[in-house]
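# What the coordinates show
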Amino acid sequence: MIQNPTILTDVTKCIGCEQCVAACKKINHLPAQGPPPRPGSTPDGLSADRWTTVIRKPHNHFVRKQCRHCEQPACVSVCPVGALQKTPEGPVIYDKSICMGCRYCMLGCPFGIPHYEWTSAAPSVRKCIMCYPHLKSGEVKEPACVTACPTKATLFGTREEMLAEAHKRLAAEPKKYIQRIWGEKIVGGTSVLYIADISLDFLGWNDSKELSDEPLPRKTWAALKMVPFEFVGMGALMGAIYWIIERRRALAGQHSDSTDAGREERGHGK
Amino acid sequence: MENRRIFVFKGILWFICGLAAAVAILRYAFGLGAATALSDTTPWGLWVGFDVMGGVALAAGGFVIAAIVHIFQKERYHAAARPAILTAFLGYGAVAVGLLFDLGLPWHIWHPIIFWNIHSALFEVAWCVMLYLTVLALELAPTILERTPFQRAYRFFSRLALPIMILGIMLSTLHQSSLGSLLLIMPFRVYPLWYSHLLPELFFVSAICLGLSMVMFESSITSWLYRRKPELDMLSGLAKIAAWALSFYLAFKLVDLFAQHKLGLMFAGTWESKLFLFEMLISTVLPIILYSLPAVRRSPTALWLTSLTSVLGFVLNRIDASGISQVWATRSFYFPAWTEFAISLGIVSACGLVFFFIQEHFPVDPHELETIERERATVEKSTPRFAPFTQVWLGEGWRKSLRVYSLLFVLAMAVGLTLAPKSEPAVDRPIQRARGADILRVGDGPRYVYFDHKRHQDDNGGKQSCVLCHHLHMAGDVGTPCSECHRGLYTPTNIFSHDRHVARLGGDASCVKCHGKRRPVDLAAVKKCSGCHEKDMMTKNPVVKVFDVRTACSYKDAMHKMCIPCHAKKASDPKLNKPNLGRCGACHNSGTESEKIYLAAFPPQPEEAARP
């Protein structure tokens, strides 16, 4: 299996036929049509049984949405038990036997990718795993969705190859494309890249306005790395305060009356 | 004399517990989907916002009082120490029980012990809560053991008290702030007024404020229930400390907002800013003013009300940060189902009952316990009294209570199980054959829409557009549901697009067309939808046939349905004399090999010679 596998989607080439969706469902044994979307959700088409989907945008634009397999994934960093893991090769995978079902990953993901099996009594988090088990075993050479694409709108290769291909296409037709590779730098880079002739900011929550090139896990780590110091510091502080007050009371106790001790006696007398 | 206040109060708590027990059955049998209103865009709801976030913060009284009494050695607050520690223990117990409901796979709740991820704030919270629950049990041990024969154990735990208290404060510092760290990773979800990189510190300071108010609230309510004199000296002292702590929190929050240039957002007039101002008002500003007034500090009722206000304000803060403010990003509405409220309140009620039990049997408050035991003894000795109407003697004291409470519990469970929403079975909706449906049934209720096939075709680009809805070439491909394009289909509020109506009807000048000339322009006089869309809003009637189709059929089916009926009709028309028109080969004659083989199996009928 290649190192750092990456999918590049050229939005201008997608015709929205959803063969990728069909192929994804087939290789991952997902039901053709699961339960209807839950009330209150804004369906982008993704669900626990639909790991990739095609979002229809005005003027015949079709944008395939799937897990971005971030270089420094927020979902992996928030999972308290490590049920979501970034594999050494790159894809982000999920292990149900470890998962507690806290659903923190669903909140932590800036793209709203992990979905939950709400109708199940023993639910899992479901999302695209870039056909990792099949790639690993050598059963397939590229993810099923890439193979299925009839227009080669979605390509597969190493990250360097895909970035080079994207840059080549942007340079070849500068008028056609917006000069930007979505996923090159955002939240520290993702393993699913897009080039397009429309803005793809809608793929992130709140139109990606709050997302920068800084990887999200750093925000939490800035606070968490202080934890041991806070722990020891608070203990030392409390111990010191106790010792000082105890000492002052002992000293005050030698004199006839101190306010604190006097009040205490009154309190007990009642 | 029996304490009627306690009796009624406990009865209510038992009833709520019964409801919760019924919902618990539902939740474990059918999963989170059946018992909650959660969705993929709102994966955390009331159970996390109130039970976990709020529960941990509410239990902060334990460590705050422990610090005041045992570290700063303010002995006048000693009376509050044991109840506060008991509350904290029950509070954290409630968090653990709440998690058993909220986690999707609750039998894996112990996993953080062996599977570690030190980069997760939730991992830290999990560990701290586990450890602190243990520490609280140790802190509580002297209270439980004091009047038991295990005096050696009692002395052992009493001597351990100080280091345990310090450990408890250390752990509380960590996880109270880590609840804030939980939200650090989602600047894209939490509204800027609540988001700050100082969230951990803000959560810690507000937990101290909340803890103080909670201790006051609880002390006032127990003294009212047990008809004893409120310890006003202690309460007013706590109020003073709380006023200082709250002032510090207010200043901290304002400086933080100022440093992030977010002060202007507070007065932006959006619903988020109004919610924020309301929250700050009831949690912080009002209590600061009230706690500072000597008149308030002298009145137990005023203190009770003020502390309640502050407690509610801070619980709202936790719910806002972890839930409501995120609507800003998700734009999806979530309101907890009644079942969620039942579980949340049920856990609180169960905690209340355990609190009363321990209060009545162990020296949480030694003076109090004596009174209770004396009362209990007189009730046990008194002659039996019969119930006024039924003439049934239920017994006295705990026997009577037991009977009444269990009746209430069972009744509540029956009510709960009757009301419980039946889970929606996850049916695989089969894709049906093509038909020229006009009226489609949407949803399970009596909701029908008029489906204009021609207009759909025209709007989407004429004949080229068929494949937009009709595809299904591959196994696993699904038919296109209406919701594919009409995204708001499952959210009732989204069906009406005001912008679209304004644009269609002629911009700003069009208001009067629907709203009339009344001023101000409001919903009251608005024209009904059916006023214009009479045809679209047709309801079920005996003439119109309704089709229960929610997805478009396959391309093949769509084409066949259009061609075959007419072809078959024309083939049987002797005047035309084209008997092969209804056969596959009439259209499928591209000449490929596979087609030839297929057609060879169905040789065409010879056309009859022209009849004279």
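Residues numbered from 1 in each chain as written. Chains lettered and ligands numbered in written order. Predicted model: local features only at pLDDT ≥ 70, side-chain atom pairs only at ≥ 80, totals over all residues.

## Side note on the sheet that holds strand S1 (residues 5-10) of chain A
Residue and element names in this part refer to chain A. The strand order across the open sheet built from 3 strands is S8-S1-S9, with neighbouring strands paired in mixed fashion. Strand pairing shows two members of the sheet lacking a second neighbour, strand S8 (154-158) and strand S9 (192-195), which therefore form its edges. Each neighbouring strand pair of the sheet contributes to a mean axis angle of 25°, computed without reference to strand direction. In this sheet, S8 lies alongside S1 in antiparallel orientation, the contact comprising 5 bridges. Residue pairing across strands places Thr9 opposite Thr154, the latter belonging to S8. Packing of helix H6 (residues 159-172) onto the sheet brings it into contact with S1, S8 and S9, and relative to S8 it is tilted by some 130°. (Pairing = 2+ DSSP bridges. Helix = DSSP H or I, 4+ residues; strand = E, 2+ residues; numbered from the N terminus. Axes fitted to C-alpha atoms, helices over the stretch in contact; angles between N-to-C directions. Contact = placed C-beta atoms within 7 Å.)

## Some points on the packing of helix H9 (residues 232-259) of chain B against helix H10 (residues 271-292) of chain B
Residues and elements named next belong to chain B. Interaxial distance between H9 and H10 falls to 9 Å at its minimum, and their mutual angle equals 145°. In this structure, the crossing between H9 and H10 has a hand that is left-handed. Each of Ala239, Ala242, Ala243, Leu246, Ser247, Tyr249 and Leu250 in H9 lies in contact with H10, whose residues at this interface are Thr284, Val285, Pro287, Ile288, Tyr291 and Ser292. Of the residues contributing to the contact of H9 with H10, the split by class is 10 nonpolar, 3 polar and no charged. (Left-handed = near helix turned anticlockwise from the far one by under 90°. Nonpolar A, V, L, I, M, F, W, Y, C, P; charged D, E, K, R; others polar.)

## Comments concerning the domain arrangement of chain A
Each domain of chain A was delimited in the assignment, giving domain 1 (5-216) and domain 2 (226-269). Each of domain 1 of chain A and domain 2 of chain A has a C-alpha centre, and these two points are 58 Å apart. (Domains from an automatic or database assignment.)

## Describing the confidence of the model for chain B
Residues and elements named next belong to chain B. Averaged over every residue, the pLDDT of chain B is 81; residues scoring 70 or more account for 80%. Here strand S3 (residues 546-547) is the element of chain B with the lowest mean pLDDT, 54, and H10 is the one with the highest, 94. Under a pLDDT of 50 for its full length, residues 425-437 has, in the predicted model, 26 contacts with residues more than four places off or in other chains. Every residue in residues 488-494 is under pLDDT 50, and counting partners more than four places away or in other chains gives 9 contacts. (pLDDT = per-residue confidence, 0-100.)

## Here we look at the nonpolar core
All names here are of chain B. Ranked by internal contacts, the top residues of the largest apolar core, which has 192 residues, are Ile65 and Cys209. Counting residues per element, this core draws most heavily on helix H5 (residues 78-102), at 14 residues. Those residues in contact with Cys209, other than ones at most four positions away along the chain, are Ala242, Ala245, Leu246, Tyr249 and Phe314. (Core = buried A, V, L, I, M, F, W, Y, C linked by C-beta atoms within 7 Å. Buried ≥ 20, exposed ≤ 12 C-beta atoms within 10 Å, placed from the backbone.)

## Considering the pairing of strand S3 (residues 61-65) of chain A
Residue and element names in this part refer to chain A. Two strands pair when backbone bridges link them, and strand S2 (residues 53-57) and S3 are joined in this way by 5 bridges, in the antiparallel orientation. Along S3, the bridge assignment pairs Lys57 with His61. Linking S2 to S3, which pair antiparallel, is a turn of 3 residues; within it His59 sits at a positive phi near 60°.

## A word on the interface of chain B and chain A
On the chain A side, the residues contacting the 67 residues of chain B number 73 residues. Looking at the side of chain B that touches chain A, the elements that each hand over two or more residues are helix H1 (4-30), helix H2 (32-35), helix H4 (61-71), helix H6 (121-145) and helix H7 (151-181) of chain B. With 6 residues, H7(B) is the single largest residue contributor to the side of chain B that touches chain A. Of the residues belonging to the side of chain B that touches chain A, the class tally is 38 nonpolar, 19 polar and 10 charged.

## Some remarks on the environment of B:Phe356
Residues and elements named next belong to chain B. Note on placement: Phe356 falls in helix H14 (residues 338-361). You can call Phe356 partly exposed: it has 18 C-beta atoms within 10 Å. As for Phe356 and Ala67, which are separated by 289 residues in sequence, their C-alpha atoms are 25 Å apart.

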